[in-house]
Amino acid sequence: MTTTAAPPIRARRQRSRRAVTNPRDRARYAIRRYPLLPALIFTIVVTQLPFVVTIWYSLQRYNLYHPDRNGFAWFHNYAVIFEDSTFREALLNTVVLTAVPVLLSLLLGLLIAILLDRKVFGRTLLRTLIISPFLVMPAAASLVWKFTMLDPVFGMLNWVLTPFGVHHVDWINTHPKATIITVLTWQWTPFMVLILLAGLQSQSHDILEAAALDGAGTVRIFRYFTLPHLRQYMELGIVLGTIYLVQAFDAIFMITSGGPGVTTTNIPYYLYEVAFRSFDIGRASAMGVVVVVLTIAISTAALRTVFRLFSDEGMSGR
Amino acid sequence: MTSIPAPAGTPVHLGERPAAARRKPRRFTPGRLLLGLLTWLIILLFFFPVAWMALTGFKQEKDAATTPPRVVFTPTLSQYSSAFDKGVSYLVNSVFTTVVSTLIVLLLALPAAYALSIAPVRNWRDSLFFFISTKMLPVAGAIIPLYIIAKNLHVLDHRVTLVVLYTSLNLPIAVWMLRSFLLEIPVDIFEAARVDGASLLRQLRSVVLPLISPGAAATALICFIFAWNEFFLAVNLTTTTAATVPVYLVSFQTGEGQFWAHLCAGATLACLPVLIAGWAAQDKLVRGLSMGAVK
């Protein structure tokens, strides 16, 4: 069925919505599903089946240390979790250790992207340097931060701050949350820089020049032209950054082991501890279910943002 | 260049561009210089830990943990060579799991992205949401059943387990990225190919594949980065045989005695492949991360 003018994809899809009445059309649209099926089936099997198993285990009293006590316990595990103050604290820590790095790296990333959008000397080299914290293995970077940067006696940070009267501060133990936030922000700022730089460079320079010729100052141009244009890029950065930072594990495992106490224990680390240190499968499974339900509830709001990113034209800016 | 009419009363310079467009800013005003220096300062600060990590790998242990930190020292290659010797099997495992999982991701994601963009299924939005929603659920929530299933299937400490799981971790992002790259291809190209009588397979091979290869390369790079650096699953589901490079780093976690130089050498080697790939393919990295928004 050819047409003389190439129809945009949206028109094509609307036409398809009405036309699926006769068997031939239905067959044609059924065929379209085939390329999707391998990826879909693979994802369902690998992600949804384990979740069903998690629910099954969450209803049982199942501890690898005490196999004699295994058996059905229905909602006992859930009751235990909701009375567990550590779990509540882990939830709170997860919110803090996700939101702060995301926002800080967004702001820093914006600043650096603005600086890089100009004709700076050695711009390509600068871009190469700035993406390095994102490419470096988080586990490796965490170790380097833990020892060479933050060590109380030999660490770089203490040495640099000595002229300011700082002596042998044990950053990791006295400021654990700040440490983790710093390391995570350091890792994810380059990510934001790249996304926002792409946004800045995709601005229409004609419009900016026209505004400048009309007498608009730099700040006004930024506020009324650049920021609205950057909005979808910032949203993309926030969504992707949150998805990954909610699961932050490497830095906490390597630097603080969740401590001191439970000050830097977030949900992934707490799940790891309960499952692999106390071997309480039932309780860990119940926690996993609760986390999944909470994430679904929260990400419904996030998905509405993602909805807007899924416009037919992608992000090519129409 | 712009089409703004001159206000009434402005003398008209025939054949000349408006003065504002003609005047070029001087290159070295103090403001520009200061901003340039600021840019360099901030970025060097960010890069410093990476540079220090690589540098410390060349030190002997006695030069590694000192106060004040030593920049001048007698370099040695012994740390890097011993780290490499100890880490070779981990490197091999990492290369295997990363490359194989990335290949499988591309194999699965490309047709799926095609079915969600160019020849879309009826419920493409639902399918896309489903893929993305699997990324929003923390892996930590699934680690217990994964561990138990792997244990019962006797695939704990097997590379295949990691390959399968890394594929499932990267698939949603790959589908999302490839879809946005495919959407950039002008529809006319497909119409032209179809009018020319090419079958669907032929269309795909000679039209879609060449156009999508930069986007596919960008996606492969992103998958490579995330799979290589993945820590949580590797640490929990492998011990010796299938252990990847991140697991090798765990042995440094609670170090005693002098080990900083050795640690930094090992850490630098661990980061090297992804660093080189990312540096070499910077443009692809940007395209991938911004979902193809930058041409």
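Look up: the structure comes first, before these words.
As the structure is a prediction and not an experimental result, all values here were calculated from the model.

S.K.: How should I be thinking about a nonpolar patch on the surface in this particular structure?
M.R.: Taken together, the side chains of Ile31(A), Tyr34(A), Leu37(A), Ile41(A), Val45(A) and Leu49(A) define a hydrophobic patch exposed on the protein surface, amounting to about 580 Å² of accessible area. Mapped onto the secondary structure, Val45(A) falls in helix α3 (residues 37-58).

S.K.: Quick question: what am I supposed to make of unusual backbone geometry here?
M.R.: Phi is mostly negative for residues that are not glycine, and the peptide bonds are mostly trans. Of note, the amide linkage connecting Gly259(A) to Pro260(A) takes the cis form, showing an omega dihedral of 5°. Looking at the element boundaries, Pro260(A) is found in the loop between α14 (250-256) and α15 (267-276). Even without glycine at this site, His168(A) takes up a positive phi of about 50°. Secondary-structure assignment places His168(A) in the loop between α9 (156-161) and α10 (171-174). Residue His168(A) is classed as exposed on the basis of its relative accessible area, which comes to 54%. One non-glycine residue with positive phi stands out, namely His154(B), at about 60°. Within the secondary structure, His154(B) sits in the loop between α6 (143-152) and α7 (159-184).

S.K.: What am I meant to see in the interface of chain A and chain B here?
M.R.: Quoted interface sizes are often the accessible area lost when the parts come together. Each side of the interface is counted separately: chain A has 111 residues, and chain B has 108 residues. For the pair chain A and chain B, the summed buried area comes to about 10500 Å², and 77% of that belongs to carbon and sulfur atoms. The interface formed by chain A and chain B holds 1 salt bridge in total. Across the chain A-chain B interface, the total number found is 10 residue pairs in polar contact (both at pLDDT 80 or more).

S.K.: Looking at this structure, how should I read the pattern of salt bridges?
M.R.: Side chains carrying opposite charge are able to pair once their charged atoms draw close together. Inspection of the entire model under this criterion finds 7 salt bridges over all chains. Arg127(A) is paired through a salt bridge with Asp283(B); the nearest N and O atoms lie 2.8 Å apart. Here Arg127(A) is found in helix α6 (residues 123-130), whereas its partner Asp283(B) is found in helix α13 (residues 282-289) on a different chain. A residue is classified by how much of its surface remains accessible, and Asp283(B), at 54% relative accessible area, is exposed. Ionic pairing is found between Arg70(B) and Asp63(B), a salt bridge with its closest N-O pair at 2.5 Å. Here Arg70(B) falls in the partly exposed class, since its relative accessible area comes to 37%. Sharing partners across several salt bridges, the network here consists of Asp84(A), Asp280(A) and Arg283(A).

S.K.: Honestly, the environment of Gln247(A) in this entry has me stumped. Any pointers?
M.R.: Mapped onto the elements of the fold, Gln247(A) is located in the loop between α13 (218-245) and α14. In contact with Gln247(A), not counting residues within four places along its chain, are Pro268(A), Lys135(B), Leu137(B), Pro138(B) and Val139(B). A distance of 3.4 Å separates a polar side-chain atom of Gln247(A) from the backbone oxygen of Lys135(B).

Thresholds, definitions, all that
Along each chain, residue indices are assigned from 1 in the same order as the chain's sequence is written. Chains carry letters and ligands carry numbers; both start at the beginning, A for chains and 1 for ligands, and go up in the order they are written. Reporting in this predicted model follows two pLDDT cut-offs: at least 70 for local features of residues, and 80 or more for side-chain atom pairs to be given and counted; totals over whole chains, interfaces and linings ignore these cut-offs and use all residues. Values shown for side chains rest on all heavy atoms present in the structure; no hydrogens or waters enter the calculation. Patches in this entry comprise residues that are over 30% relatively accessible and not in a salt bridge; like charges within 9 Å are linked, as are nonpolar side chains (Val, Leu, Ile, Met, Phe, Trp, Tyr) within 5 Å. To be clear on the numbers: accessible area is Shrake-Rupley with a 1.4 Å probe, and residue cover counts the displayed protein chains and nothing else. Any Lys or Arg side-chain nitrogen located within 4 Å of an Asp or Glu carboxyl oxygen qualifies as a salt bridge. Where helices and strands are cited, they refer to DSSP runs of H or I of at least four residues and of E of at least two residues respectively, numbered from the N terminus. Residue exposure (1.4 Å probe, protein chains only): buried if accessible area is under 20% of the type maximum, exposed if over 50%, otherwise partly exposed. It only takes one pair of heavy atoms within 4.5 Å for two residues to be counted as in contact. Simply put, the buried area is the total loss of 1.4 Å probe accessible area from both parts when two parts are fitted together. Two N or O atoms count as a polar contact when they lie within 3.5 Å, although within protein this holds only if one can serve as hydrogen donor and the other as acceptor, and sequence-adjacent residues are included solely when both atoms are side-chain atoms.

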